Structure formats: structure tokens, C-alpha cells
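An overview of the molecular structure
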Amino acid sequence: MTLTEKILARAAGKPKVQAGENIWVRSDILMTHDVCGPGTIGVFKREFGKNAKVWDRNKVVIIPDHYIFTSDSKSNRNVDILREFVKEQQLPYFYDVIDDPEGHWVFDASKGMLKRQYGSHYAGVCHTALPQKGHTRPGEILFGTDSHTCMAGAFNEFATGIGNTDAGFVMGTGKLLIKVPETMHFRLEGQLQPGVMAKDVILHCIGEIGFDGATYRAMQFDGPAVANLSIDDRMTIANMAIEAGGKNGIFECDTQTRAHVDYRCKLNGTKSTYEPVERDKDENFAYELTVDLSKLEPTVACHPDPGQRKKAKELNHIRLDRAYIGSCTGGKTSDFLEFARVLRNKRVAIDTFGVPATPEIVHDLQTVRWGEKTVWEILVDAGVQMTENAGCAACLGGPVDTFGRMNTPMKCISATNRNFPGRMGHKESQVFLASPMTVAASALTGKITDPREFLSELQG
Ligand code: SF4
């Protein structure tokens, strides 16, 4: 069996499962957020009764993150619905935007968009927050009401996005009927070269198979190169499995995985036991691709979908209006550090927005010093509009007052993960997906730019 099949078999209580089989599996964690949470709660109450209790209070994790820092009252109301439900159900894992359980978040105009407008429990973007808060463990099953739930496959778990109806059912029973996906095998060899990042790896793979090339399939990433990929790198790669239509993305568990998971579970007092799955000799794959990472170059997914792969150096005729770094995929500390390495002591040529994925990342960037300055100060000095209000922000457009949202047709290079028309705001805008280093280099020149043009300065 493949890694995915092994996890699903275990969760179904079966010795063996095969691709295509329909099985009932038990869920280890159900995650929902402010966009789908109210709908999920509605389904749960309708089907199980208004006084029903969730199947396991310790396994439901609620993370408001999408439409948070906006004066849009309907968006604010969604978070209020989550807060009321958490109170009623006494759920321990709710990462509210405010500290007062009786309160209501209100936009503070005096702070504006850049200054922090959240309390001490807020966790930021759900997929980045889940591992930070100790909710991802090898061998487990994570269902989330968000397509990028697949990011947690970096931790050797089966993690996938589900709709509100399924989530309402999981909320009541802890189980779900799913079809075992076929597995596609991506063997990673060689070492990434300077200027090339994990984002380039996944953009390359999606470019090979197309934005629907992994539809309802597992994408298994393994091979000798994985040991040299950080946990953040693996998260970036697993995150974008859905951009090829994948059911999930998955990595093996190694010493890095264990160290990360053990640290985070201990730090947060969450469940610390887990049972990883290892590779079998008899895996059946529906597709196989070997990728030599040493041959990859900075890569861009052009408008209008994540499969439109080109090399950054082929696109230097495309002038840009905006650059954006943020999201679960590209808003991690390591992403911002690579971004800052390119921008240090320089000045951006176009509007550039920076949205860290979580408050912890804001803290990292405001405390890590390079010489006299923090990384945050280096970015602000370079002209990047950095907000402390960690969250999804303009990654998916959002209400019209969302930080970084494209409200007019424009061209943007972005470290996010999805670029279908209208994704970041205006439906006639164009989004080019790239690594944080490529976004930084392009922000400096105002056109799509291979970051290796700046490498000699970085190494010098
Ligand atoms: S940052 Fe973007 S991709 Fe990630 S959860 Fe938020 S909206 Fe979705």
C-alpha cells in the first residue's frame, strides 16, 4: 500500500484497502474556519438537533482567519457565530480574534490596516496555525473545510478539504465515507540550487500534469532530496497538491517531522502520541515522475491557472503593478527571510504588500535581527507595506477593504497558491504565482524577474 492507503486502512480498521474502494474512516481532527464554520454548524444542528454535542470536543479545532480584518459586518458576524458555538459546546481549541468570549470584534480605524487588531488567542491562517498549535501528527486523519487542508500532508498525515455537509456529518459522528484515491508518485532527487525554492518544485510538478492532473488522487512526495527540504518547504509543496486537483499531498515521517511535531505538541499541551506510516515495497502508483531538484529554475505559474508553467527568465517582458507575499503557502517565516534577503538595502519599484500567515511569524520577523535592524524593519525600509494583521488577507480577494486586495484590473506577482480569475480581487486582474525570492526580485524591477539576477549581490 502507499502512504495514503496505509493511513486510510488503519483509520477504517481494515488490514488493507485499494484505490477506488469506498470506506468509512474515523477522523482525528476536524478543522473549520470563519467562512465555512457557520455553514458546517448549520448542517450539524439541522441533522443532529439543536441540542446536539460534537462527537469529541478535543478534536474540533476552529480557526477564524479568512475575512477578519474588515469592516464588513457579515464577515464579522461569521466570527460571532463561531464564538457562540464554541461557548455552547465548550470547545477548547478556538483561536478567537478577540480575548473576550462575550465580545465582538470591531475595526479600530485609529490603528488602520497595519497595526495589530487581535487578542492573545488569535492564531492566523488555519493551515499554518494547525501545526504551530500542535494539531498535526503523523499517521492521523485531518479533515478541514478548506481546500488547502492538504498542507498538513507535510507531516505524514492524510489531510484533505471537505465541504460543509461532510464536515457537519464529521462534527456529529467523527466519521466520513470516502473513496480511497489512487496515488501519484513524485520522487525528488538532487539539491535545490541558489535562488530556487520549494515553491518552484511544486509549480514544476503542477506544470507537468496540469491544474487538473491529480484530480482525486494522492500526491506522494519522497526520495533522497526530501531530507534536505525543511518542514516549511514540505508544507509549501503539500499545500499546493490541490492546485493540481489532488485529494491530498503526503510526505514520509523523518527525524525533522518528529522533532517538529514533538516540540509543537509539547509546547501547546496537545496529544503527543502518534504512529507514522512508512513506505511498503508493494506500492501501486497511477503515475510516476522523478524530479531532479538541481535542474529546476525559478518558475512562475501564469494567469489564469496554477498549471500555466513558465520559467521566470522567459517572462521578463511582463510588467507588473503589484507584488504580494503572504498566505499559508508563502507567508511563513522562512518565506519572508528569503524575500528579505533579496530586498535588503534596496527599494521596491511597485506597490508591495506583506502579510505574515500567523502572529507568531509577525513576532519572528519583528525580533530576528540582521545587523542593526529587524527583518521587519528591513522590509519596511525597502518599501514593503507590512501588516501585523496576520491572516488570509488578499490571497482570496475578500471584502473590498481587505488589505492588498486588487480592486482594479492589474497584474500582480504573488507568493500565494491560486490564480484563477478573480482570486485576489478584481476579475480582470492577473495573478502570477512564484516563490518569495522571485516575488522579491520582481518587486525590485517592476517586471517578472529571475531572482538569480540578484544572487551575486546576495553571495557577495
Ligand atoms: S491563505 Fe489563502 S489559500 Fe491559505 S487558507 Fe487563506 S485563503 Fe486559503
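Residues numbered from 1 in each chain as written. Predicted model: local features only at pLDDT ≥ 70, side-chain atom pairs only at ≥ 80, totals over all residues.

**Some details on the overall build of the protein chain**
Summing up its helical and strand segments, the protein chain has 14 helices and 19 strands in all. For 460 residues, the compact-globule estimate of 2.2 N^0.38 gives 23 Å, and the protein chain sits close to it at 21 Å. If one aligns the C-alpha atoms of the protein chain with their principal axes, the spans along those axes are about 55 × 55 × 40 Å. Across the 460 residues in the protein chain, those meeting the buried criterion constitute 56%. Residue pairs at least 24 apart in sequence account for 76% of intrachain contacts in the protein chain once pairs closer than 6 positions are excluded. (Helix = DSSP H or I, 4+ residues; strand = E, 2+ residues; numbered from the N terminus. Rg over C-alpha atoms; globule rule 2.2 N^0.38 Å. Buried ≥ 20, exposed ≤ 12 C-beta atoms within 10 Å, placed from the backbone. Contact = placed C-beta atoms within 7 Å.)

**Overview of unusual backbone geometry**
Along the chain, His303 connects to Pro304 via a cis peptide bond; the corresponding omega equals 10°. The phi dihedral of Asn156 is positive, around 65°, even though this residue is not glycine. With respect to the element layout, Asn156 can be found in the loop between strand E4 (141-144) and strand E5 (158-161). Judged by local crowding, Asn156 falls into the buried class, with 28 C-beta atoms found within 10 Å. Of note in this structure, Ser327 is not a glycine but carries a positive phi near 85°. Examined against the element boundaries, Ser327 turns out to sit in helix H9 (residues 327-330).

**Side note on the environment of Met1**
By the element assignment, Met1 lies in the segment before helix H1 (3-12). Residue Met1 is classed as buried on the basis of its 22 C-beta neighbours within 10 Å. In this structure, the C-alpha to C-alpha distance between Met1 and Asp99, residues 98 residues apart in sequence, is 46 Å. Once residues lying within four places of it in the same chain are set aside, the contact partners of Met1 are Lys6, Ala9, Lys16, Asp280 and Glu283.

**Remarks on the site of the ligand**
As a matter of local geometry, the ligand sits amid 13 residues, with Ser327, Cys328, Cys392, Cys395 and Leu396 nearest to it. By residue class, the composition of the shell around the ligand is six nonpolar, six polar and one charged. Of the residues that make up the shell around the ligand, three or more belong to each of domain 1 (1-296) and domain 2 (300-459). (Near = placed C-beta within 6 Å. Nonpolar A, V, L, I, M, F, W, Y, C, P; charged D, E, K, R; others polar. Domains from an automatic or database assignment.)

**Thoughts on the pairing of strand E8 (residues 217-222)**
Every other side chain in a regular strand lies on the same face of the sheet, so the side chains alternate between the two faces. Taking burial as the measure, the six residues of E8 include five buried ones, the bulk of the element. As defined by bridge partners, strand E7 (residues 182-189) adjoins E8 across six bridges and the pair is classed as parallel. Paired with Thr183 across the bridge in E8 is Ala218. On the question of chirality, the crossover connecting E7 to the parallel E8 by way of helix H6 (residues 198-209) is right-handed. Where E8 meets strand E9 (residues 248-251), four bridges bridge the pair, whose relative direction is parallel. Across the sheet, the residue bridging to Met219 is Gly249, located in E9. (Pairing = 2+ DSSP bridges. Right-handed = clockwise from strand over helix to strand, strands pointing away.)

**Some remarks on the domain arrangement of the protein chain**
Domain assignment breaks the protein chain into domain 1 (1-296) and domain 2 (300-459). Put simply, the middle of domain 1 and the middle of domain 2, counted by C-alpha atoms, are 23 Å apart. Contact residues are listed per partner, giving 42 residues for domain 1 and 40 residues for domain 2. Among the secondary structure elements, those contributing two or more residues to the side of domain 1 that touches domain 2 are helix H4 (126-132), H6 and helix H7 (231-239). Counting residues per element, the side of domain 1 that touches domain 2 draws most heavily on H6, which supplies six residues. For the side of domain 1 that touches domain 2, the class distribution of residues is 17 nonpolar, 17 polar and eight charged.

**Some details on the sheet that holds E8**
With respect to topology, four strands assemble into an open sheet ordered E9-E8-E7-E10, the strand pairing being parallel. Bordering the open sheet on either side are E9 and strand E10 (287-292), each of which pairs with just one other strand. The average undirected angle you get between the axes of adjacent strands in this sheet is 20°. (Axes fitted to C-alpha atoms, helices over the stretch in contact; angles between N-to-C directions.)

**Observations regarding the sheet that holds strand E3 (residues 60-62)**
The parallel open sheet is built from four strands, whose spatial order is E3-E2-E4-E5. With one partner strand each, in any of the chains shown, E3 and E5 form the two edges of the open sheet. Averaged over all neighbouring strand pairs, the angle between strand axes comes to 20°, with direction disregarded. In the sheet, strand E2 (residues 29-32) pairs with E4 via three bridges, with the strands oriented parallel. Looking across to E4, one finds that Ile29 is bridged to Leu142.

**Overview of helix H3 (residues 73-89)**
Residues spaced three or four apart along an α-helix point in a common direction, a consequence of the helix completing one turn every 3.6 residues. A rise of 1.5 Å per residue sets the reference length of H3, with its 17 residues, at 24 Å; its end C-alpha atoms lie 24 Å apart and thus fit the reference within 8%. Every buried residue of H3 is accounted for by Ser75, Asn78, Val79, Leu82, Arg83, Phe85 and Val86. The buried side chains of H3 occupy one side of the element, clustering within an arc of 165° when seen end-on. Exposed residues on H3 whose side chains face more than 90 degrees from its buried face are Ser73, Lys74, Arg77 and Lys87. In this fold, the buried residues of H3 make contact with helix H2 (37-48) and E3. (Expected span 1.5 Å × (residues − 1). Arc of directions from axis to C-beta.)

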